[in-house]
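Breakdown of the fold
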Amino acid sequence: MRLLLDTHALVWYYQGDLKLSAIAIQAIQDPKNDILISPASYWEVAIKISVQKPILQVPYAVFIQEAINDNGFTILPKKGVLNLLERFTPSIRLFKKGEFEVAVLRVIASLRVPVQARG
């Protein structure tokens, strides 16, 4: 099965955070599952760091290498997701809370893969 992790699920899995359910952890670790990561996730982490909302316990580059690459997770193609992000980057602070996430989810929904969000 193909599973798409949202940003928090990815960070929580990497950090061993108990906010991620045992069922989610089992699905992520199941070798039969292909774990997908949206380019929006590493972009979101970078944005949070840049606005002084640190969510990592390690440097960003270490997180990308260990959380995504070393786990063998697949980063989705940038087309679509990054086009959306680039379109809204200059005005990102103009979004009301949640609007940006809804826009990203619409793009992800078009990919027709399950989303693992927060446990």
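What comes next concerns the included structure.

**Observations regarding the overall build of the chain**
When helices and strands are tallied, the chain shows six helices and four strands. For the chain, the N- to C-terminal ordering of α and β elements is β-α-α-β-α-α-β-α-α-β. Residues classed as buried in the chain amount to 36% of the 119 residues present. For the chain, the proportion of contacts with a sequence separation of at least 24, taken over those separated by at least 6, is 74%. Working note: accessible area of the chain is about 7,500 Å², and carbon and sulfur atoms make up 56% of it.

**A short note on the side chain of serine 41**
Topologically, serine 41 is positioned in helix α3 (residues 39-50). Of note is the side chain of serine 41, whose polar atom sits 3.1 Å from the side chain of threonine 7. For serine 41, the contacting residues outside a window of four places in its chain are Leu5, Asp6, Thr7 and Leu10.

**Some details on the nonpolar core**
Note that soluble globular proteins tend to have their nonpolar side chains buried in a common cluster. Counting 20 residues, the largest nonpolar core has Leu5, Leu10, Phe63, Ile68 and Phe73 as its most contacted members. Looking at this core, the elements with two or more residues in it are β1 (2-5), α1 (7-15), α2 (22-29), β2 (34-37), α3 and α4 (60-69). Top element by residues in this core is α1. It accounts for five residues.

**Concerning the environment of leucine 4**
Looking at where leucine 4 falls in the secondary structure, it is placed in strand β1. Judged by relative accessible area, which is 1%, leucine 4 ranks as buried.

**A look at the packing of aromatic side chains**
Evaluation of the coordinates by the stated rule reveals two aromatic pairs. Aromatic side chains tyrosine 13 and phenylalanine 73 sit 6.1 Å apart centroid to centroid with 45° between the ring planes, which places their arrangement in the tilted category. Here tyrosine 13, found in helix α1, pairs with phenylalanine 73, found in the loop between α4 and β3 (74-75); they are 60 residues apart in sequence, far enough to count as distant. In this structure, tyrosine 13 and phenylalanine 73 share a single accessibility class: buried.

**Observations concerning the environment of leucine 10**
Here leucine 10 lies in helix α1. Along the primary structure leucine 10 and isoleucine 37 are separated by 27 residues, whereas in three dimensions their C-alpha atoms are 8.1 Å apart.

Definitions and limits used
Residues numbered from 1 in each chain as written. Predicted model: local features only at pLDDT ≥ 70, side-chain atom pairs only at ≥ 80, totals over all residues. Heavy atoms only, no water. Helix = DSSP H or I, 4+ residues; strand = E, 2+ residues; numbered from the N terminus. Buried < 20%, exposed > 50% of the residue type's maximum accessible area, 1.4 Å probe, protein only. Contact = heavy atoms within 4.5 Å. Areas by Shrake-Rupley, 256 points an atom, 1.4 Å probe, with all protein chains shown as cover. Polar contact = N/O pair within 3.5 Å; in protein donor to acceptor, adjacent residues only side chain to side chain. Core = buried A, V, L, I, M, F, W, Y, C linked by side-chain atoms within 4.5 Å. Phe/Tyr/Trp six-rings, centres within 6.5 Å; stacked < 30°, edge-to-face > 60°.

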